[in-house]
Amino acid sequence: LGNTMLSNYSKHATSKLLSLRQLQTARKQKISSFVKGKGKLLSGTAVAVVGAATVTTYFLHQSAKASEDELHAPHLPWQHSGALKTLDAASIRRGYEVYRQVCAACHSMEYIAFRNLVGVSHTEDEMKAIAAQAQIVDGPDDNGKMFKRPGRLSDYFPSPYTNDEEARAANNGALPPDLSYIVLGVHGEEDYIFSLLTGYYDPPAGVVIGEDQHYNAYFAGQAIGMAQALYNEIIEYEDGTPATQSQLAKDVTVFLRWAAEPHHDKRKLYGFRALCFAIMFVPLFWYQKKRVFSVIKSKKIAFK
Amino acid sequence: MLRNNPLINLFIGSFYRLPAPININYFWNGGSTIGVFLVIQIVSGLFLSMHYTSHMQMSFFSVNHIMRDVNGGWLLRYMHANGASFFLGLIFLHIGRNVYYKTYYRKGAWIIGILLLVVSMLTAFLGYVLPWGQMSFWGATVITNLITAVPVYGEAIVKWLWGGFSVENPTLNRFYTFHFLFPFVIVALSVVHLFFIHMLGSSTPLGTFSNTMKLDFWPYYGVKDIFGFSIIISSFMMLVGFSPDLFGDPENFKKANSMVTPVHIKPEWYFLFAYAILRCIPNKKLGVFGLVFSILVFFFFLFSKKKLMSSLFYRLIFWSWSMNFIMLTWLGGCPVKDVFIYMAQISSFIYFFFLLILMLI
């Protein structure tokens, strides 16, 4: 009897232990299937939700931008704006002409030297001749006096004013900004510059514009100190391109983009190289990873 | 024989024969990728420092000189500026991964990790001041003025920090010194961080620990890390090549002018969540407290209990918190208008409240 009881008891205990083991295994399987099945579903949902949040934020940002009290410049199809597009050298050359003959009367470009344009839009000889037309203050000489001499390639573009105060005094208190970084230094970049240059209108009825101010639809507050500078045929292009107002504005904007970023073409080339590297090597590294892990991934592990 | 050399043995133990869990996923690539960006930052920074001048009259010009005249200077500078974005972005992902998989119970690594975040953010802020553009100058003015919220000694501390009565030449000079010095602190802390991790071995997505379910670091995770680097570095170089000013501000292309305040002063994107919290609290002292606490709050995860796996509810809260983090980042860059301030107040509440829930469950 005792033996039977003991055997029953041990059977009972064994079955209990077995059921506990089963329960544990079941739980482990549950966790594992949760991770395998629902885990993917969950991460998919999570990615979708965070993606949706990002997209919503983007559209919120766009509508918030539209609610501001200024007119944003429309996007224009710049020839150089594509990821693999370069600046138009002929346009830079024409744009420099516009800057030299029109903008340079009030705006400095203190970070650009004559040498910078050599090999970009002009030959060395052409640029030497242009530089020589400028009068650069140099010195002091042996007598301690400053003197003027013809410009050289190494000289920076001469500023129209000696200092900011003189510039303000000559422009009714408004300071004409330096143009070296103007394209990168404004929201809207080229689109803004082009729209500003071509955005002069008569003030609408009821809008009062102060003396020495001008109405420009794209300028914040609409009253700008700068008078309209570009008109049809204001200069004559050496290559015979018709010098319409929009052509002048486009060319000078391309020139200013180059001035803000002389490395524009080179950096896109580097980006393209990175893209090529990615296309060639990422799949190779991915394959290598898969190959190294293939033995591990196809291994079956059983807990007994 | 090599194993007898303690230094080589340490290297072998850390990168070659390191036993790594069998089941870690791509989120475990984060740490090594951050390490790669730390190296990129230090090397590019070292070369930039050879051409940079830390003087308020010359720094803007010297950065311009780097961009235009130094051979490959523009590449170095764009890599350095965008590298900071990648570095901080990857740190955010890294911390997010630890919260998601509840691996913050490794106290040493967690404390050092949060310290690393703080020092990295400080270094990034100091670096942003160096080009001495409008946003550099005004950003420095706004952020250093936050210290005036310290009771009694605030004003004195700020003047001592500035080395004058406003942000000026001594400030720029010392910021440059500390910007040069801090990366080495980051390296030292990273070594301690690695030490704490390698003491026990990596955590796993399941939260379990096993001495047997391990793989050698090389070739398995070495190859996996290289695959991760190839993706991140190509996207980084594509950003540098195709849109290097994506995260920059146009204001910083203007030379600093203490007489002209920009209309919207905002920091780089990685500070915007904290900046939104600061701006939406109408009381200055509380706002500064909110800003500091938004980062230090992560220390409190140390007190949360270790659990095997995160529940579905935990994950839902985590992803809602992440969405809210993106929202706060966006709000930090919005102009100061009632609607954005109101939204930021709600978002800031959710930021702290959901973190509290994550700590408790």
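Calculation notes
- Residues numbered from 1 in each chain as written.
- Chains lettered and ligands numbered in written order.
- Predicted model: local features only at pLDDT ≥ 70, side-chain atom pairs only at ≥ 80, totals over all residues.
- Heavy atoms only, no water.
- Helix = DSSP H or I, 4+ residues; strand = E, 2+ residues; numbered from the N terminus.
- Contact = heavy atoms within 4.5 Å.
- Areas by Shrake-Rupley, 256 points an atom, 1.4 Å probe, with all protein chains shown as cover.
- Buried area = accessible area lost by both parts, 1.4 Å probe.
- Salt bridge = Lys/Arg side-chain N within 4 Å of Asp/Glu carboxyl O.
- Polar contact = N/O pair within 3.5 Å; in protein donor to acceptor, adjacent residues only side chain to side chain.
- Expected span 1.5 Å × (residues − 1).
- Buried < 20%, exposed > 50% of the residue type's maximum accessible area, 1.4 Å probe, protein only.
- pLDDT = per-residue confidence, 0-100.
- UniProt positions renumbered as here; feature names shortened; annotations may be inferred.
- Phe/Tyr/Trp six-rings, centres within 6.5 Å; stacked < 30°, edge-to-face > 60°.
- Lys NZ or Arg CZ within 6 Å of the ring centre and 35° of its normal.
- Axes fitted to C-alpha atoms, helices over the stretch in contact; angles between N-to-C directions.
- Parallel < 35°, antiparallel > 145°, perpendicular 65-115°, else oblique.
- Left-handed = near helix turned anticlockwise from the far one by under 90°.
- Nonpolar A, V, L, I, M, F, W, Y, C, P; charged D, E, K, R; others polar.
- 1 Å grid on protein atoms, 1.4 Å probe; cavity = no way out; pocket = protein on both sides within 12 Å on 5 of 7 lines; lining within 4 Å.
- Points joined across faces, edges and corners; volume = space filled by probe spheres on them.

**Student:** What should I look at first to understand the overall build of chain A in this one?
**Tutor:** Regarding its fold elements, chain A presents seven helices and four strands. Listing the helices and strands of chain A from first to last along the sequence gives α-α-α-β-β-α-α-β-β-α-α. Expressed as a percentage of contacts within chain A between residues at least 6 apart in sequence, the contacts between residues at least 24 apart total 60%. Surface exposure of chain A reaches about 18900 Å², of which carbon and sulfur atoms provide 59%.

**Student:** Looking at this model, I keep getting lost on the interface of chain A and chain B. Mind explaining?
**Tutor:** A common way to report how large an interface is uses the accessible area buried once the components associate. Contact residues are listed per partner, giving 51 residues for chain A and 48 residues for chain B. For the chain A and chain B pair, buried surface summed over both sides reaches about 4500 Å², with 75% attributable to carbon and sulfur atoms. Sorting the residues of chain A by area buried against chain B places Y111, Y181 and R267 of chain A first, and these three jointly supply 14% of that buried surface. Inspection of the region where chain A meets chain B yields one salt bridge. Salt-bridge contacts for D69 of chain B lead to R115 of chain A; the nearest nitrogen and oxygen are separated by 3.4 Å. Summed over the shared surface of chain A and chain B, the result is six residue pairs in polar contact (both at pLDDT 80 or more). Counting only elements with at least two residues in the side of chain A that touches chain B, the list comes to helix 1 (2-66), helix 6 (245-260) and helix 7 (264-297) of chain A.

**Student:** Where do I start with unusual backbone geometry in this structure?
**Tutor:** Note: most peptide bonds trans; most residues except glycine with negative phi. Following G139 of chain A, the chain continues into P140 of chain A via a peptide bond in cis, with omega recorded as 5°. Inspection of the secondary structure puts P140 of chain A in the loop between strand 1 (135-138) and strand 2 (147-150). With a phi close to 45°, E189 of chain A is a non-glycine residue in the positive phi region. Relative to the helices and strands, E189 of chain A resides in helix 5 (residues 189-197). Phi at V152 of chain B takes a positive value of approximately 65°, unusual for a residue other than glycine.

**Student:** In this structure, what is going on with helix 6 of chain A? I would like to understand it.
**Tutor:** Since the α-helix advances by 3.6 residues per turn, residues separated by three or four positions end up pointing in the same direction. Between its first and last C-alpha, helix 6 of chain A extends 22 Å over 16 residues, near the 22 Å set by a 1.5 Å rise per residue. Of all the 16 residues making up helix 6 of chain A, 14 are buried; the element is thus mostly covered by neighbouring parts of the structure.

**Student:** Looking at this structure, how should I read the confidence of the model for chain B?
**Tutor:** Low pLDDT means the predicted atomic positions in that stretch should not be read closely. Confidence in the prediction for chain B averages 92 pLDDT; 98% of positions are at 70 or higher. Of the two predicted TM-score estimates for the complex, the pTM is 0.88 and the ipTM is 0.90.

**Student:** I keep staring at the UniProt feature "domain: Cytochrome c" (unreviewed entry) in chain A and nothing clicks. Help me out?
**Tutor:** As annotated by UniProt and renumbered to match this structure, "domain: Cytochrome c" (unreviewed entry) occupies residues 90-242 of chain A. In the segment residues 90-242 of chain A, helix accounts for 25% and strand for 8%; the C-alpha atoms at its two ends are 14 Å apart.

**Student:** Got a minute to help me understand the environment of N143 of chain A in this structure?
**Tutor:** Residue and element names in this part refer to chain A. In this structure, N143 sits in the loop between strand 1 and strand 2. Take N143: its relative accessible area is 66%, and that puts it in the exposed class. A sequence separation of 60 residues divides N143 from P203, and the C-alpha atoms of the two residues are 55 Å apart.

**Student:** Just checking my understanding: could you explain helix 2 (residues 30-49) of chain B for this structure?
**Tutor:** Given a rise of 1.5 Å per residue, 20 residues ought to cover 28 Å, and the 28 Å separating the end C-alpha atoms of helix 2 of chain B matches this to within 8%. Within helix 2 of chain B the residues assigned to the buried category are G30, T33, I34, V36, F37, L38, I40, Q41, S44, G45, L48 and S49 of chain B.

**Student:** Looking at this structure, I do not really get the confidence of the model for chain A. What am I missing?
**Tutor:** Averaged over all residues, the pLDDT of chain A is 87; the fraction at 70 or higher stands at 85%. Taken element by element, the predicted model of chain A shows its lowest mean pLDDT in helix 1 of chain A (67) and its highest in helix 6 of chain A (97).

**Student:** What exactly am I supposed to notice about the packing of aromatic side chains here?
**Tutor:** The description of an aromatic ring pair rests on the distance of the ring centres and on the angle between the ring planes. Applying the stated criterion across every chain yields a total of 58 aromatic pairs over all chains. On the basis of an interplanar angle of 70° and a centroid distance of 5.2 Å, the ring pair of F86 of chain B and F236 of chain B is categorised as edge-to-face. Here F236 of chain B lies in helix 9 (residues 217-242) and F86 of chain B lies in helix 4 (residues 73-100), a separation of 150 residues in the sequence. The interplanar angle of 50° and the centroid separation of 6.2 Å between the aromatic rings of F300 of chain B and F303 of chain B together place this pair among those described as tilted. If you follow K224 of chain B out to its NZ or CZ, it ends over the ring of F293 of chain A, 5.8 Å from the centre.

**Student:** Whenever I open this one, the pattern of salt bridges confuses me. Can you help?
**Tutor:** Any two side chains of opposite charge can pair if their charged atoms end up close together. Residue and element names in this part refer to chain A. According to the stated counting rule, one finds 17 salt bridges over all chains in the structure shown. Between D251 and R94 there is a salt bridge, and its shortest N-O distance comes to 2.8 Å. With a gap of 157 residues between them, D251 in helix 6 and R94 in helix 2 (residues 89-101) connect regions that are remote in the sequence. Each member of the pair, D251 as well as R94, carries the same accessibility label: buried. R100 is the partner of E97 in a salt bridge, and the nearest nitrogen-oxygen pair spans 3.2 Å. Placement of the pair is E97 and R100 together in helix 2, with a separation of three residues, close to one helical turn. Residue classification places E97 among the buried positions, given a relative accessible area of 14%. With relative accessibility at 29%, the residue R100 sits in the partly exposed group.

**Student:** So what exactly am I meant to see when it comes to the packing of helix 7 of chain A against helix 9 of chain B here?
**Tutor:** The geometry of helix 7 of chain A relative to helix 9 of chain B is characterised by a closest axis approach of 8 Å and an angle of 165° between their N-to-C directions. Comparing their axes, helix 9 of chain B and helix 7 of chain A come out roughly antiparallel. In the packing of helix 7 of chain A onto helix 9 of chain B, the handedness of the crossing is left-handed. Across the contact of helix 7 of chain A with helix 9 of chain B, the residue classes break down as 22 nonpolar, five polar and four charged.

**Student:** Just to check I follow, could you spell out the layout of surface pockets for this structure?
**Tutor:** Over the atoms rolls a probe the size of a water molecule, and its path tells where empty space is left. All names here are of chain B. Each pocket or cavity is described by its volume, and for the second largest pocket that value is around 1200 Å³. Residue assignment for the lining of the second largest pocket shows that the elements contributing at least two residues are helix 1 (6-15), helix 2, helix 4, helix 5 (107-129), helix 8 (169-200) and helix 9. Its residues assigned to classes, the lining of the second largest pocket comprises 28 nonpolar, 17 polar and four charged.

**Student:** Mind showing me how you'd approach the packing of helix 2 of chain B against helix 8 of chain B here?
**Tutor:** Between two packed helices, what matters for the description is the angle formed by their axes and the separation of those axes. Residues and elements named next belong to chain B. One can describe the packing of helix 2 onto helix 8 by two numbers: an axis separation of 11 Å at closest approach and a directional angle of 155°. The angle between helix 2 and helix 8 falls in the class roughly antiparallel. Every pair of crossing elements has a handedness; the one defined by helix 2 and helix 8 is left-handed. Contacts between helix 2 and helix 8 involve L38, I42, L46 and S49 from the former and Y176, F180, P183, I186, V187 and S190 from the latter. Per-class residue counts for the contact of helix 2 with helix 8 are eight nonpolar, two polar and no charged.

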